[in-house]
Amino acid sequence: MTLHDDAVLVLKGYEGQPELRALYLEHLAAHPDGMYKPCSAGHLTGSALVIDPSRGRVLLTLHKKLGMWLQMGGHCEEGDTTMEAVALREAAEESGIAGLTLLPGGPVRLDRHPIPAPCHWHLDVQYAALAPAEAVAQISEESLDLKWFAYDEVAAVADTSVVRLTEATLARL
């Protein structure tokens, strides 16, 4: 099974956001290359909100290029076999935390957002990753900073998409 095939299955099984889910599936049907950055019509990305439920907090990265506090995430790469693997790889790379596990139940949310040309859209498949006890984050070269925020602090530092992802994650917990 290809990553493209896995993404279609994941999206068909996702029960939330029906209009956005349909848009993602239409994109994949129209663009066999729609998983990867070179697709100028847009491409899927995978992300994960790193969460520490025992301490009531989430880990956000201050994105180097965007200067915004975001969840960990990024592009699909050759060799990725599942959307879960993309999200988990990105979360581990950007947080420096070993032993992350995805919250069961598949994606927590979808978020489609514009990006500069030559590509035009990120179609993000968003998961939540549980941090192991006593996890220590290490900043990556993709970030300006990493910081744990209490659940109720997220709205003050992050944009609406991160707030919605946090709310959906907490609802699933």
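Given the structure is predicted, the values throughout are model-derived calculations rather than measurements.

Analysis parameters
- Residues numbered from 1 in each chain as written.
- Predicted model: local features only at pLDDT ≥ 70, side-chain atom pairs only at ≥ 80, totals over all residues.
- Heavy atoms only, no water.
- Helix = DSSP H or I, 4+ residues; strand = E, 2+ residues; numbered from the N terminus.
- Expected span 1.5 Å × (residues − 1).
- Buried < 20%, exposed > 50% of the residue type's maximum accessible area, 1.4 Å probe, protein only.
- Contact = heavy atoms within 4.5 Å.
- Polar contact = N/O pair within 3.5 Å; in protein donor to acceptor, adjacent residues only side chain to side chain.
- Axes fitted to C-alpha atoms, helices over the stretch in contact; angles between N-to-C directions.
- Parallel < 35°, antiparallel > 145°, perpendicular 65-115°, else oblique.
- Left-handed = near helix turned anticlockwise from the far one by under 90°.
- Nonpolar A, V, L, I, M, F, W, Y, C, P; charged D, E, K, R; others polar.
- Core = buried A, V, L, I, M, F, W, Y, C linked by side-chain atoms within 4.5 Å.

**Digging into helix α5 (residues 160-172)**
Right, so step 1: Here α5 is 13 residues long and its end C-alpha atoms lie 18 Å apart, about the 18 Å a rise of 1.5 Å per residue gives.
Right, so step 2: The set of residues buried in α5 consists of S161, V162, V163, L165, T166 and T169.
Right, so step 3: The elements touched by buried residues of α5 are β1 (43-52), β2 (57-63), β3 (69-70), β6 (109-114), β7 (121-130) and α4 (154-157).

**Brief notes about the side chain of Q71**
Right, so step 1: Mapped onto the elements of the fold, Q71 is located in the loop between β3 and β4 (72-75).
Right, so step 2: Given the relative accessible area of 10%, Q71 is considered buried.
Right, so step 3: Among the polar contacts made by the side chain of Q71, one reaches the side chain of S47 at a distance of 3.1 Å.
Right, so step 4: Side-chain polar atoms of Q71 contact the side chain of D124, separated by 3.3 Å.
Right, so step 5: Filtering out sequence-adjacent residues up to four positions away, Q71 remains in contact with S47, A48, L49, L60, T61, D124, Q126, V162 and L165.

**Regarding the packing of helix α1 (residues 3-13) against helix α2 (residues 18-30)**
Right, so step 1: Interaxial distance between α1 and α2 falls to 10 Å at its minimum, and their mutual angle equals 160°. Viewed along their axes, α1 and α2 adopt a mutual orientation that is roughly antiparallel. Crossing hand, α1 versus α2: left-handed. Residues H4, A7, V8, L11 and K12 of α1 form the contact with α2, whose participating residues are R21, Y24, L25 and L28.
Right, so step 2: Its residues assigned to classes, the contact of α1 with α2 shows 6 nonpolar, 1 polar and 2 charged.

**Focus: the environment of E90**
Right, so step 1: Within the element layout of this structure, E90 appears in helix α3 (residues 83-95).
Right, so step 2: A relative accessible area of 4% means that E90 is categorised as buried.
Right, so step 3: Distance from E90 to T45, taken between C-alpha atoms, is 9.8 Å for residues 45 residues apart in sequence.
Right, so step 4: What E90 contacts, discounting residues up to four positions off in sequence, is G46, M72, G73, G74, H75, E77 and E142.

**Here we look at the nonpolar core**
Right, so step 1: One finds M35, L44, V50, M83 and Y127 to be the most contacted residues of the largest nonpolar core, which totals 32 residues.
Right, so step 2: With 5 residues, α1 is the single largest residue contributor to this core.
Right, so step 3: Those residues within four positions of M83 in sequence are excluded, and the remaining contacts are L3, D6, A7, M35, L44, T45, G46, C76, V125 and Y127.
Right, so step 4: L49, I51, F149 and A158 belong to the second-largest nonpolar core, a separate cluster that totals 16 residues.

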